Amino acid sequence: MGTIGFETHDHSSCINDCVAVVDKHCKAEGLQLTPVRRRVLEILLQEHQSLGAYEILDRLREEGMGSQPPVAYRALDFLVKHGFAHKIERLNAFIACSHPGQSHTPVFMICRECSAVAETHTDLDKGQLGQLAREVGFQIECSVVEAEGLCPKCQQQASA
């Protein structure tokens, strides 16, 4: 698993590959990837930026897929529950998972200038947080790391 979000890549392939992985996982697990859930995932994949539920709802409304907040929230709940999207607590927004179907502890790097978000992962068992937890007898079940700073593009623009 690598970091996705700040580097240049084939974005259409990124979207298609992620949707295909999610679709396959849903079929294998007997989950329903409804048209609205699929579209919300596609919306989240369009840019490596987080989106609020109402931004997603606005896009769904424009496409005639629903205009009431529960439409977006139910789709987001499904995507987050099954690991296909994550909630960025700091921004109260959502982003598609860069590693759907893989068990991982996400680490988000959020650019304070352009709002781009890159996702990578960490291994809690090998990191300092895992060590500290073991020392006090605590078992970590879930952790999300969010770091704010400047992405490479914004750093370059700031130094120019």
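Residue numbers here run from 1 along each chain, matching the order of that chain's written sequence. At least 70 in pLDDT is required for a residue's local features to be given in this predicted model, at least 80 for side-chain atom pairs to be given and counted, and no such filter applies to totals for whole chains, interfaces and linings, which use all residues. Side-chain numbers here rest on the full set of heavy atoms in the structure, without hydrogens or water.

1. Brief notes about the overall build of the protein
- Helix and strand labels come from DSSP, where a helix needs a run of H or I of at least four residues and a strand needs a run of E of at least two; each type is numbered from the N terminus. Looking only at helices and strands, one finds six helices and five strands in the protein.
- Traced from its N-terminal end to its C-terminal end, the protein shows the element sequence α-α-α-α-β-β-β-β-α-β-α.
- Taking 160 residues into account, the globule formula puts the C-alpha radius of gyration at 15 Å, and the protein, at 17 Å, falls close to it.
- When its C-alpha atoms are laid out on the principal axes, the protein stretches across 50 × 45 × 30 Å.
- Any residue under 20% of the maximum accessible area for its type is buried, any over 50% is exposed, and the rest in between are partly exposed; the area is computed with a 1.4 Å probe on protein chains only. A burial count over the protein gives 36% of its 160 residues as buried. What the globule rule says is 2.2 Å times the number of residues to the power 0.38, and the radius of gyration is computed from C-alpha atoms.

2. Notes on the nonpolar core
- Residues V40, L44, I56 and L79 are the most contacted members of the largest nonpolar core, which totals 25 residues.
- Every element with two or more residues in this core is listed here: α1 (11–29), α2 (35–45), α3 (53–62), α4 (69–81) and β2 (93–96).
- Nonpolar cores are built from buried Ala, Val, Leu, Ile, Met, Phe, Trp, Tyr and Cys residues. Side-chain atoms within 4.5 Å join them into one set. In this structure, I88, I95, F108 and V117 belong to the second largest nonpolar core, which totals five residues.

3. A look at the environment of K27
- When you line up the elements, K27 lands in helix α1.
- Overall, the relative accessible area of 65% leaves K27 in the exposed class.
- Measuring from C-alpha to C-alpha, the distance between K27 and V145 comes to 30 Å, with 118 residues separating the pair along the chain.

4. Regarding the packing of α3 against α4
- Only C-alpha atoms enter the line fits that serve as axes; for helices the fit covers just the stretch in contact. Angles between N-to-C directions range over 0 to 180 degrees. In the contact formed by α3 and α4, the axes pass within 9 Å of each other and the chain directions differ by 115°. With respect to α4, the axis of α3 lies roughly perpendicular. In this structure, α3 crosses over α4, and the sense of that crossing is right-handed. On α4, the residues that touch A53, Y54, I56, L57 and L60 of α3 are P69, V71, A72, Y73 and L76. Should an angle fall under 35 degrees it is called roughly parallel, over 145 degrees roughly antiparallel, and 65 to 115 degrees roughly perpendicular, with every other angle called oblique. Two helices cross in a left-handed way if the nearer one is turned anticlockwise from the farther one by less than a right angle. They cross in a right-handed way if the turn is clockwise. The contact rule is simple, with two residues in contact once any of their heavy atoms fall within 4.5 Å.

5. With respect to the sheet that holds strand β3 (residues 105–111)
- Only when DSSP finds a minimum of two bridges between them are two strands counted as paired. Reading across the sheet, the three strands line up as β4-β3-β5 and stay open at both edges, with mixed pairing between neighbours. Single-partner strands in this sheet number two, and they are β4 (117–122) and β5 (145–149). Here the strands of the sheet are splayed against their neighbours by 25° on average, with no regard to which way each runs.
- As defined by bridge partners, β3 adjoins β5 across five bridges and the pair is classed as parallel. Bridging from a neighbouring strand, I110 pairs with E148 of β5.

What is shown is where atoms sit, not what they do.
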